[in-house]
Structures are given as structure tokens and as C-alpha cells.
Amino acid sequence: MSTRAVFPVVIEPQAFYTQEQVKSLTGLSIRAIGDACRAKQIRSTERAGKRFFRGLWIIEWLDGSPSTGDQSRQDTEPALA
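As a starting point, this report considers the structure included with it. (Residues numbered from 1 in each chain as written. Predicted model: local features only at pLDDT ≥ 70, side-chain atom pairs only at ≥ 80, totals over all residues. Heavy atoms only, no water.)

### A short note on the overall build of the protein chain
So, step 1. Looking only at helices and strands, one finds 4 helices and 3 strands in the protein chain.
So, step 2. Put simply, the protein chain runs from its N terminus to its C terminus through helices and strands in the order β-α-α-β-β-α-α.
So, step 3. Residues counted as buried form 26% of the 81 residues belonging to the protein chain.
So, step 4. Summing over all exposed atoms, the protein chain offers an accessible surface of approximately 6100 Å²; the carbon and sulfur share of this is 54%. (Helix = DSSP H or I, 4+ residues; strand = E, 2+ residues; numbered from the N terminus. Buried < 20%, exposed > 50% of the residue type's maximum accessible area, 1.4 Å probe, protein only. Areas by Shrake-Rupley, 256 points an atom, 1.4 Å probe, with all protein chains shown as cover.)

### Observations regarding the pattern of salt bridges
So, step 1. Scanning the model with the defined rule gives 4 salt bridges in all.
So, step 2. Between arginine 31 and aspartate 35 there is a salt bridge, with its nearest N and O atoms 4.0 Å apart. Of this pair, arginine 31 and aspartate 35 both sit in helix H2 (residues 30-38), 4 residues apart, which is roughly one turn of the helix.
So, step 3. When the shortest N-O distance is used, the salt bridge between glutamate 46 and arginine 51 registers 3.2 Å.
So, step 4. One salt-bridge network, in which partners are shared between bridges, spans Arg31, Asp35 and Arg38. (Salt bridge = Lys/Arg side-chain N within 4 Å of Asp/Glu carboxyl O.)

Quick look at the structure:
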């Protein structure tokens, strides 16, 4: 039996991650992450045809916190008067 060191994964709450990075961090497939996005279980934003996840959204998803679903930056910022 071999022993392998396990290191904790650190997710920076203010950083943005690509789907591929979320896959590496969680060990989940791209399909599973995409399914979670479609089910609005994890919040994400899309820019230039790529999906991005803020670290805080990943942490909330892994903790099982409720998500507000797909939202772009424009949707989350207050309107200018």
C-alpha cells in the first residue's frame, strides 16, 4: 500500500477561475461543472465565450450554500443614476 501526501486546496475568494481550473481544483468533470451551472447550483459569468467562476462562488457551492445562478457583472452592479 502506497502513501500519498494530500495537500489542501486553497481557493482565493476574490480570484476568478476558468472551468478547467475548477475541474483541477475539485476533481469534477467539465460536464459535472456544466450541469451545476445549468441547474443554477453554482454562480458563474461568461465573457468572450468563456465561463468564469469567482472563488467565493466556488466556495459557496462546495459548502452547499444557495446560489443566485448565472449572473454577469452588469447584473450584479448597481445602476448609475
